[in-house]
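# Descriptive analysis of the structure
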Amino acid sequence: MSSSFADATSDILVLGATGFTGRLITRYLTSHRQKSLFRLALGCAKLVEDEKVAEKVDELVTVDVSNFESLERAVKKTRIIINTVGPFWLYGTPVVAACVRNNVHYVDLTGESTWIKRIIAEYDFAATKNHTIIVPSCGYDSVPSDIAAWLANKTLKAYAAVHRPDEPFIGIKSSISAHKVRGGISGGTFASVLATFNDTPTKVLRETSVPYSLSPGTQSPKLLYDLVVPSVRHIVGGFWMMRQTNAWLVQRTFGLYEALGQEDIRSMVDKMRYGPQFMYDEFMETPSKMSALITSIFLVSSFFLLQFCKPFRWLAAKVVPKSGDGPSDEEMEKGSITLTNVTTSDSTPPIKVQTTITGKGDPGYLLTAVMISECALSLLFWQPSRPNTPTTELKDVMRWTNFAREGGVLTPMTAFGEEIITRLCETRKFTFSSFIVEENKGGEGKKDI
């Protein structure tokens with residue numbers, strides 16, 4: 001890690017710890033089964049007034065992300081930043097810059113594709129030079145989507161190696177995910193949506209609206225989706241408001257695998273490439289085609305008005321929850337997610353893979369706190385279920401992916417790989433299954449994870 005590895009006073013620093021999601025992350029980390037093995041610091045613009053929280057953390061840091069000296073002091077004293085301070089277009093760039101300057105690794109929960117494109121352009125090259133790991137979108141945006149495509153690809157490759165050994169390479173032609181979600185929305189999330197349209201230059205919005213803007217290629221959304229789960233059922237649905245964020249990030253995972261520049265790395269990960277025909281899309285599952293069309297028209301119209309109508313943005317800001325507010329604990333416990341992915345190979349005849357991810361709890365809040373925390377811990381610890389080593393001796397046990405060793409602006413699966421799936425399984429809030437489905441043979445070749 002950084003040259004100041006031994007000088008760090010904390011292993012993880014949570015920025016925005018007093019915000020709604022920041023508080024959930026703090027609560028999760030302070031009660032984590034590995035808490036005795038890492039040092040946790042909370043960073044916020046003002047001191048934490050909750051004495052119970054203050055007693056459970058190792059350090060409290062007063063930090064203003066808009067102040068260079070304040071941010072620099074805070075970043076230099078930690079190893080990994082968890083950033084929850086949004087909107088990221090306004091407040092995220094200085095944090096990434098400080099992390100790259102000081103070789104401190106970074107994860108966040110942004111859903112702003114415009115900002116991700118910006119930090120790729122400005123900091124990806126520098127991060128690869130000093131091997132700093134920068135991973136945006138480590139919450140519900142976009143960990144489940146990234147896992148679904150990655151896990152389906154892994155299942156496909158394992159099946160092909162046994163059943164079609166004579167074919168040199170089998171890639172993915174299409175990978176489609178259906179999201180069935182039960183959860184709420186916080187004021188902070190909506191503030192990020194408004195900032196995207198209020199503060200992002202029109203040129204950047206236009207450039208980022210192009211599919212594969214984070215990775216080469218083309219693809220367009222639809223108002224109505226019809227996903228056939230072989231031998232099981234049809235899933236119908238409509239436009240999903242986080243489609244662009246999730247799909248664009250999955251496309252970056254594809255692009256990173258396809259565009260490997262160093263031969264030594266290529267030889268190790270070539271077998272995990274998605275293939276040049278790869279196409280990813282996703283939608284929101286609905287009860288019927290009619291409800292899908294109504295939901296799609298409503299969401300597309302709302303996004304159009306948010307982008308082009310300032311009075312509508314003003315009205316929306318008045319009626320949604322304020323920043324720092326969110327669902328109650330009881331409401332969040334009732335939340336859930338089921339993501340069903342069907343991936344089809346580019347071979348003849350095609351191979352179909354069904355991958356399902358379930359989560360217990362509000363995906364945007366409870367589960368996001370779990371996901372981003374476990375992403376950060378993936379950079380500290382080896383295997384979560386085995387005896388671990390205190391962080392002062394971690395250099396010998398870190399198990400990073402090939403991409404993570406190189407650094408750069410990565411995606412959850414290129415940075416963490418199977419480690420994050422293992423960690424999420426062990427929380428007992430997530431389940432993962434991925435198996436080959438023959439058209440007329442149901443679950444033949446089933447491979448559960």
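Labelled according to an unreviewed UniProt entry, the protein chain appears under the name Saccharopine dehydrogenase-domain-containing protein, originating from Ephemerocybe angulata. Regarding the protein chain, the relevant UniProt record gives this comment under Sequence similarities (unreviewed entry): "Belongs to the saccharopine dehydrogenase family."

Following the criterion strictly, the structure yields eight aromatic pairs and no others. Both rings, one in Tyr257 and one in Phe403, keep their centres 5.1 Å apart while their planes meet at 85 degrees; by these two values the pair is edge-to-face. Highlighted residues: Tyr257 in helix α9 (residues 243-258) and Phe403 in helix α15 (residues 402-406), separated in sequence by 146 residues. Given the relative accessible area of 10%, Phe403 is considered buried. Here the basic side chain of Lys35 rests over the ring of Phe38, its NZ or CZ set 5.1 Å away from the ring centre.

At their nearest, the axes of helix α5 (residues 113-129) and α9 sit 10 Å apart, and the two run at 30 degrees to each other. Here α5 is positioned roughly parallel relative to α9, judged by the angle of their axes. Listed contacts from α9 to Ser113, Ile120 and Asp124 of α5 are Gln244, Thr245, Trp248 and Arg252. Looking at the contact of α5 with α9, its residues break down into two nonpolar, three polar and two charged.

One finds Ile12, Leu29 and Ile147 to be the most contacted residues of the largest nonpolar core, which totals 111 residues. Per element, the largest residue contribution to this core is ten residues, and it comes from helix α6 (residues 143-163). Apart from the residues lying within four places of it in its own chain, the contact partners of Ile12 are Leu29, Phe38, Arg39, Leu40, Ala41, Thr78, Ile80, Ile82, Ala376, Leu377 and Leu380. Core analysis: the second largest hydrophobic core is formed by seven residues, Leu227, Val229, Ile235 and Val342 among them.

On average, the protein chain scores 83 in pLDDT, and the residues at 70 or more come to 80%. Considering only residues more than four positions removed or in separate chains, one finds that residues 216-220, a stretch of pLDDT under 50, has 15 contacts. Ignoring residues within four places in sequence, the model shows residues 439-449, a span with pLDDT below 50, making 27 contacts including any to other chains.

Bringing helix α4 (residues 88-102) into the picture now. Each turn of an α-helix holds 3.6 residues, which means side chains three or four residues apart point in the same direction. With 15 residues, α4 extends 20 Å from end C-alpha to end C-alpha; this agrees with the ideal 21 Å at 1.5 Å per step. Taken together, the buried positions of α4 are occupied by Phe88, Trp89, Gly92, Thr93, Val95, Val96, Ala97, Ala98, Cys99, Val100 and Asn102. Of the residues flanking the end of α4, it is Asn103, one or two places downstream, whose phi is positive at about 55 degrees.

On to the side chain of Ser177. Within the secondary structure, Ser177 is located in strand β7 (residues 172-182). By relative accessible area, Ser177 is classed as buried at 0%. A polar side-chain atom of Ser177 sits 2.9 Å from a polar atom in the side chain of Tyr280. Setting aside anything within four residues of it in sequence, one finds Ser177 in contact with Ala148, Tyr280, Asp281, Glu282, Phe283, Leu339, Thr340 and Asn341.

Attention now goes to the packing of α6 against helix α17 (residues 418-426). Relative to each other, α6 and α17 sit at 115 degrees, their axes nearing to 11 Å. As summarised for this structure, α6 and α17 are arranged roughly perpendicular, according to the angle between their axes. For the pair α6 and α17, the crossing hand works out as left-handed. The residues of α17 that touch α6, namely those facing Val143, Ile147, Trp150, Leu151 and Lys154, are Glu418, Ile420, Ile421 and Leu424. Its residues placed into classes, the contact of α6 with α17 shows seven nonpolar, no polar and two charged.

Within the structure shown, the criterion is met by 15 salt bridges. Of the charged contacts, one joins Lys334 and Glu330 as a salt bridge, the two residues approaching to 3.7 Å between their closest N and O atoms. With relative accessibility at 48%, the residue Lys334 sits in the partly exposed group. Members of the salt-bridge network, linked through shared partners, are Arg33, Glu374, Arg423 and Glu426.

Here we come to the sheet that holds strand β2 (residues 40-44). Strand order in this open sheet of seven strands is β3-β2-β1-β4-β5-β6-β13, and the pairing throughout is parallel. Looking at the sheet topology across the chains shown, the edges are occupied by β3 (59-62) and β13 (408-409). Sheet topology places strand β5 (residues 105-108) next to strand β6 (residues 133-135); two bridges connect them, and they run parallel. What sits directly across from Tyr106, in β6, is Ile134. Along the sheet, α4 makes contact with β1 (12-15), β4 (80-83), β5 and β6, crossing β5 at roughly 160 degrees.

Turning our attention to the side chain of His179. Within the element layout of this structure, His179 appears in strand β7. The exposure class assigned to His179 is buried, which follows from its relative accessible area of 0%. A polar side-chain atom of His179 sits 3.2 Å from a polar atom in the side chain of Glu282. Excluding anything up to four places from it in sequence, His179 contacts Tyr140, Ser145, Trp240, Asn246, Glu282, Phe283, Met284, Glu285, Ile337, Thr338 and Leu339.

Attention now goes to the environment of Asp58. Positionally, Asp58 belongs in the loop between α2 (51-56) and β3. Taking the C-alpha atoms as reference points, Asp58 and Ala41, separated by 17 residues in sequence, lie 5.8 Å from one another. Sequence-distant contacts of Asp58, that is, excluding residues within four places in its chain, are made with Lys35, Phe38, Arg39 and Leu40. For Asp58, the side chain forms a polar contact with the main-chain nitrogen of Leu40, separated by 2.8 Å.

Conventions adopted
Residues numbered from 1 in each chain as written. Predicted model: local features only at pLDDT ≥ 70, side-chain atom pairs only at ≥ 80, totals over all residues. Heavy atoms only, no water. UniProt positions renumbered as here; feature names shortened; annotations may be inferred. Phe/Tyr/Trp six-rings, centres within 6.5 Å; stacked < 30°, edge-to-face > 60°. Helix = DSSP H or I, 4+ residues; strand = E, 2+ residues; numbered from the N terminus. Buried < 20%, exposed > 50% of the residue type's maximum accessible area, 1.4 Å probe, protein only. Lys NZ or Arg CZ within 6 Å of the ring centre and 35° of its normal. Axes fitted to C-alpha atoms, helices over the stretch in contact; angles between N-to-C directions. Parallel < 35°, antiparallel > 145°, perpendicular 65-115°, else oblique. Contact = heavy atoms within 4.5 Å. Nonpolar A, V, L, I, M, F, W, Y, C, P; charged D, E, K, R; others polar. Core = buried A, V, L, I, M, F, W, Y, C linked by side-chain atoms within 4.5 Å. pLDDT = per-residue confidence, 0-100. Expected span 1.5 Å × (residues − 1). Polar contact = N/O pair within 3.5 Å; in protein donor to acceptor, adjacent residues only side chain to side chain. Left-handed = near helix turned anticlockwise from the far one by under 90°. Salt bridge = Lys/Arg side-chain N within 4 Å of Asp/Glu carboxyl O. Pairing = 2+ DSSP bridges.

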